[in-house]
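# Structure assessment
Residue-level listing of the chains:
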Amino acid sequence: NTLEDLWLAIDGIVYDVTPFMDDHPGGGEIMLSAANKDGTDDFEDVGHSPHARELLKKFKVGVFEGEFGDEAPLTKKKKGGRDDVSIGGNAILGMVLPILVLLCAIMAYYMGMQR
């Protein structure tokens, strides 16, 4: 649940995306916003490319078997890995950031029309 150890659940599949944190185009912090919940909507709302979807497959570590919540356990199967790992994060950044970008774009458009 940190930049050094982040697991995400997307479409019922658990991914250890820790190795990708530094390479993610949106930065590692945005990925933290999808932790400790079903990250499917966050992943889909961004509109990831087919290449990103293919890349995600290499980080698969198991299947999510549980419920999300403050202390929801994450059951996964990883060869030689850990069991009963929980995930966490802040979803507000993931919701607010795209809205702010959209509002800035709209404001820039209207300011440009006034000139």
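Computed from a predicted structure; not experimentally measured.

Quick look at the pattern of salt bridges now. Where side chains of opposite charge bring their charged atoms close, a pairing between them can arise. Tallied over the full model, the rule gives three salt bridges. In this structure, Glu-44 and Arg-53 form a salt bridge, with 2.8 Å as the shortest nitrogen-oxygen distance. For Glu-44, a relative accessible area of 33% puts it in the partly exposed group. For Arg-53, a relative accessible area of 32% corresponds to the partly exposed category. Notably, a salt bridge pairs Glu-54 with Lys-57, separated by 3.2 Å at the nearest N-O pair.

The next point concerns a negative patch on the surface. Taken together, the side chains of Asp-11, Asp-38, Asp-41 and Asp-45 present a region of like negative charge at the surface. Among the structural elements, Asp-45 can be located in helix H2 (residues 40-46). Accessibility expressed as a relative area gives 65% for Asp-45, which makes it exposed.

Below, the discussion takes up the confidence of the model for the protein chain. Summary statistics for the protein chain give a mean pLDDT of 75 and a share of 72% for residues scoring 70 or more. Averaged pLDDT values for the elements of the protein chain fall to 79 in helix H1 (residues 28-32) and rise to 89 in strand E3 (residues 60-63). Overall, residues 70-89 carries pLDDT values under 50, and its contacts beyond four positions in sequence, including any with other chains, amount to 47 contacts.

Quick look at the sheet that holds strand E2 (residues 13-16) now. Spatially, E1-E2-E3 is the arrangement adopted by the three strands of the open sheet, whose pairing is antiparallel. The outermost strands of the open sheet, each flanked by one partner alone, are strand E1 (7-10) and E3. Looking at each pair of strands side by side, their axes are set apart by 30° on average, direction ignored.

Conventions used here
Residues numbered from 1 in each chain as written. Predicted model: local features only at pLDDT ≥ 70, side-chain atom pairs only at ≥ 80, totals over all residues. Heavy atoms only, no water. Salt bridge = Lys/Arg side-chain N within 4 Å of Asp/Glu carboxyl O. Buried < 20%, exposed > 50% of the residue type's maximum accessible area, 1.4 Å probe, protein only. Patch = residues over 30% accessible without salt bridge, like charges linked within 9 Å, V, L, I, M, F, W, Y side chains within 5 Å. Areas by Shrake-Rupley, 256 points an atom, 1.4 Å probe, with all protein chains shown as cover. Lys, Arg positive; Asp, Glu negative; His and termini not counted. Charge placed at Lys NZ, Arg CZ, Asp CG, Glu CD. Helix = DSSP H or I, 4+ residues; strand = E, 2+ residues; numbered from the N terminus. pLDDT = per-residue confidence, 0-100. Contact = heavy atoms within 4.5 Å. Pairing = 2+ DSSP bridges. Axes fitted to C-alpha atoms, helices over the stretch in contact; angles between N-to-C directions.

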